[in-house]
Amino acid sequence: MERQSARIARYDAEKARLIAMGRVYECFETPVELDLKRKKLLNMGKPPVYDRAALALSEGEKDRLRAERGSHWRFKLDQTRIDWTDGILGPISIDAASVSDPVIIKNDGQYLYSFASAVDDTDMGVTDIVRGADHVTNTATQIQMIEALGGTPPRFAHHSLLTGPNGEGLSKRLGTLSIRDLRGQGLEPLAVLSLMARLGSSEPVELRSSVAEVVAHFDVGTFGAAPTKFDEADLWPLTARAVAAKPFAEVAETIRAAGVPDALAPAFWEAVRENAGTMAGIAPWWQVFAQGAAGVAADEDRAMIATALSLLAEPPYGPETWHDWTEAVKAATGRKGKGLYMPLRKLVTGRDRGPEMAAVMPLLQVKPSLA
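This report concerns the structure included in the present document. Every chain is numbered on its own, with residues counted from 1 as its sequence reads. Whole-chain, interface and lining totals are the exception, using all residues; otherwise, since this is a predicted model, local features are given only for residues with pLDDT of at least 70 and side-chain atom pairs are given and counted only at 80 or more. In computing side-chain values, all of the structure's heavy atoms are included and hydrogens and water are not.

## Observations concerning the overall build of the chain
Then, in step 1: Numbering goes from the N terminus for both helices and strands, where a helix is a DSSP run of H or I of at least four residues and a strand is a run of E of at least two. The helix and strand inventory of the chain stands at 16 helices and nine strands.
Then, in step 2: Only the C-alpha atoms count toward the radius of gyration. The rule for a globule is 2.2 Å times the residue count to the power 0.38. The C-alpha radius of gyration of the chain comes to 33 Å, more than 25% above the 21 Å expected for a compact globule of 371 residues.
Then, in step 3: Considered along the principal axes of its C-alpha atoms, the chain spans approximately 105 × 45 × 40 Å.
Then, in step 4: Counting across all 371 residues of the chain, residues that qualify as buried make up 38%.
Then, in step 5: We call two residues in contact when some of their heavy atoms are within 4.5 Å. The contacts of the chain with a sequence gap of at least 6 include a subset with a gap of at least 24, amounting to 69%.
Then, in step 6: Here the Shrake-Rupley method, with its probe set to 1.4 Å, supplies the accessible areas, and only the displayed protein chains count as covering residues. Working note: accessible area of the chain is about 20,100 Å², and carbon and sulfur atoms make up 54% of it. We call a residue buried when its accessible area falls under 20% of the maximum for its residue type, exposed when it is over 50%, and partly exposed in between, using a 1.4 Å probe and counting protein chains only.

Structure (C-alpha cells):
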C-alpha cells in the first residue's frame with residue numbers, strides 16, 4: 001500500500017526536473033483574476049484556455065509577485081494532438097491547444113491528483129486505467145505528463161457514468177452508495193461485484209460464485225458509452241441468490257448463533273435457504289419454528305382454521321405431517337387448492353410465502369396457533 005502523503009519528496013524531485021526541462025512553470029494569477037480572464041474569453045466566443053501570461057514574466061516581476069501573493073504551478077502542454085485508442089470509447093483525439101495547461105500545484109503547495117498520480121503510475125508501472133468518461137480530457141493531459149516523466153502511458157478505458165434509476169446523477173459525496181453502507185444493509189459482496197462487472201455492458205448480469213469467476217468473465221470491450229442506470233434494488237435478488245447458493249459449512253456458524261440445534265441445522269438450512277434473502281434473514285425463520293409465528297387468518301377462514309387446529313397433534317412432526325394434515329382438513333372442510341393451503345401457511349408461518357411446508361413441519365418446536 002502506498003500513500004501519496006508519504007511521496008511528497010518524490011513529487012518534489014519530479015517537479016524540479018520538469019522545471020529544468022521547461023515543462024512546469026510558476027503562475028501568480030489569483031482565482032478572481034483567472035475567473036475574469038475566463039469570462040472575457042467566453043464573451044468573445046473563444047474557449048476559456050489559459051493564456052500562459054506567466055511565461056512572459058521576468059525574474060524581477062516574479063520576485064515582486066512572490067512578495068505580494070502566493071503562486072501555483074502549471075504543466076506546459078505540447079500544443080499538438082493527443083491520440084489514443086480507448087478500451088471502451090475507441091479512437092480519441094484531443095487538440096492540446098484547446099486545453100489549459102493544467103495546474104499541478106495549488107497556491108497552498110498541495111499537489112493535485114493529476115500530477116501525483118502520473119508520477120505514481122510511472123513509478124509503479126501501471127498498465128491499465130479504467131475510469132469514468134468525465135476524465136477523458138484529464139487523460140489527454142496525463143498522457144503528456146507521463147511521457148514527460150519518461151514513462152509509457154498505460155492503456156485507458158473510460159466507462160459511461162452511472163445515474164440513478166430515474167436518470168438522476170449520483171454523487172460519491174452523498175455516501176449513500178458506499179461499500180460500507182451496502183455491506184451494512186446485508187448485501188452480499190459477490191452480488192455487488194457481479195452486477196458492477198456487467199452494468200453498462202452488452203452482456204447480461206450473471207451471479208458469479210467467486211471473484212476469480214467475475215474476473216474470468218470480465219471484458220471491458222463489451223461496455224458502452226451511453227449513461228448507465230444503477231438501481232440499488234437490483235442487488236437484492238442477486239444477494240438472495242448468493243445466500244441461497246452458500247453451502248451449509250459457510251452458514252453453519254450463523255445458524256448455530258440463531259439457536260438452531262445441531263441435529264436440525266442441515267435440514268433447517270435446506271428448508272430456508274431460498275427464503276432467507278440475506279444472512280441476517282436466517283435467524284428470524286428459526287424464531288418462527290422455535291417460538292411459533294403470530295398466525296393470522298381472515299374472518300372467512302377462521303372456522304376452517306379452528307377445524308385444522310383440532311386435527312393437528314402436538315409436535316414433533318414428521319415429513320408426512322403436512323400431507324396428512326392438509327388431506328384431513330380437506331376432507332373435514334371441503335377446502336382445496338389455494339383456499340386450503342394459503343390459510344394454513346399463514347397460520348403456521350405468519351407469512352403468505354416461504355419454504356416448502358412439508359420441510360417446515362418437522363422443524364416446528366411448538367404447535368401453531370392464531371395470534
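Read on, since the account is not over.
## Looking at the environment of Arg241
Then, in step 1: Along the chain, Arg241 falls in helix α9 (residues 235-244).
Then, in step 2: Taking the C-alpha atoms as reference points, Arg241 and Gly277, separated by 36 residues in sequence, lie 7.6 Å from one another.

## A few points about the packing of helix α11 (residues 265-272) against helix α12 (residues 282-291)
Then, in step 1: Put simply, α11 and α12 touch, their axes get as near as 11 Å, and they point 110 degrees apart. On the basis of their axis angle, the class for α11 and α12 is roughly perpendicular. In this structure, α11 uses Phe268, Trp269 and Val272 to contact α12, whose residues at the interface are Ile282, Trp285, Trp286 and Phe289.
Then, in step 2: In this count, Pro and Cys sit with the nonpolar residues alongside Ala, Val, Leu, Ile, Met, Phe, Trp and Tyr, while Asp, Glu, Lys and Arg are called charged and the others, Gly among them, polar. Along the lines of polarity and charge, the residues of the contact of α11 with α12 split into seven nonpolar, no polar and no charged. Axis definition: a line fitted to C-alpha atoms, limited for helices to the stretch in contact. Angles are taken between N-to-C directions and run from 0 to 180 degrees. Note on terminology: angles under 35 degrees are roughly parallel, angles over 145 are roughly antiparallel, angles of 65 to 115 are roughly perpendicular, and the others are oblique.

## Section: the pairing of strand β4 (residues 90-95)
Then, in step 1: Relative to β4, strand β3 (residues 81-86) runs antiparallel, the two sharing six bridges. By the bridge assignment, Ile82 is partnered in β4 with Ile94.
Then, in step 2: Between β3 and the antiparallel strand that follows it, β4, lie three residues. Strands were regarded as paired on the criterion that DSSP finds at least two bridges between them.

## Description of the packing of helix α14 (residues 321-333) against helix α15 (residues 338-349)
Then, in step 1: The N-to-C vectors of α14 and α15 enclose an angle of 125 degrees; their axes lie 11 Å apart at closest approach. Accordingly, the angle class assigned to the pair α14 and α15 is oblique. Once α14 is placed against α15, the crossing between them reads as right-handed. Only Leu340, Tyr341, Leu344, Arg345, Leu347 and Val348 of α15 make contact with α14, whose side of the interface consists of Trp322, Trp325, Thr326, Val329 and Lys330.
Then, in step 2: Classifying every residue of the contact of α14 with α15 gives eight nonpolar, one polar and two charged. Less than a right angle of anticlockwise turn of the near helix away from the far helix marks a crossing as left-handed, whereas a clockwise turn marks it as right-handed.

## Some words on the pattern of salt bridges
Then, in step 1: Here, a salt bridge means any side-chain nitrogen of Lys or Arg that lies within 4 Å of a carboxyl oxygen of Asp or Glu. Counted under the stated rule, the structure contains 27 salt bridges.
Then, in step 2: Two residues, Arg10 and Asp123, come together in a salt bridge whose shortest N-O distance is 2.8 Å. Here Asp123 lies in helix α4 (residues 113-124) and Arg10 lies in helix α1 (residues 8-20), a separation of 113 residues in the sequence.
Then, in step 3: The salt bridge involving Glu206 is made with Arg208; its shortest N-O contact spans 3.3 Å.
Then, in step 4: For Glu206, a relative accessible area of 35% puts it in the partly exposed group.

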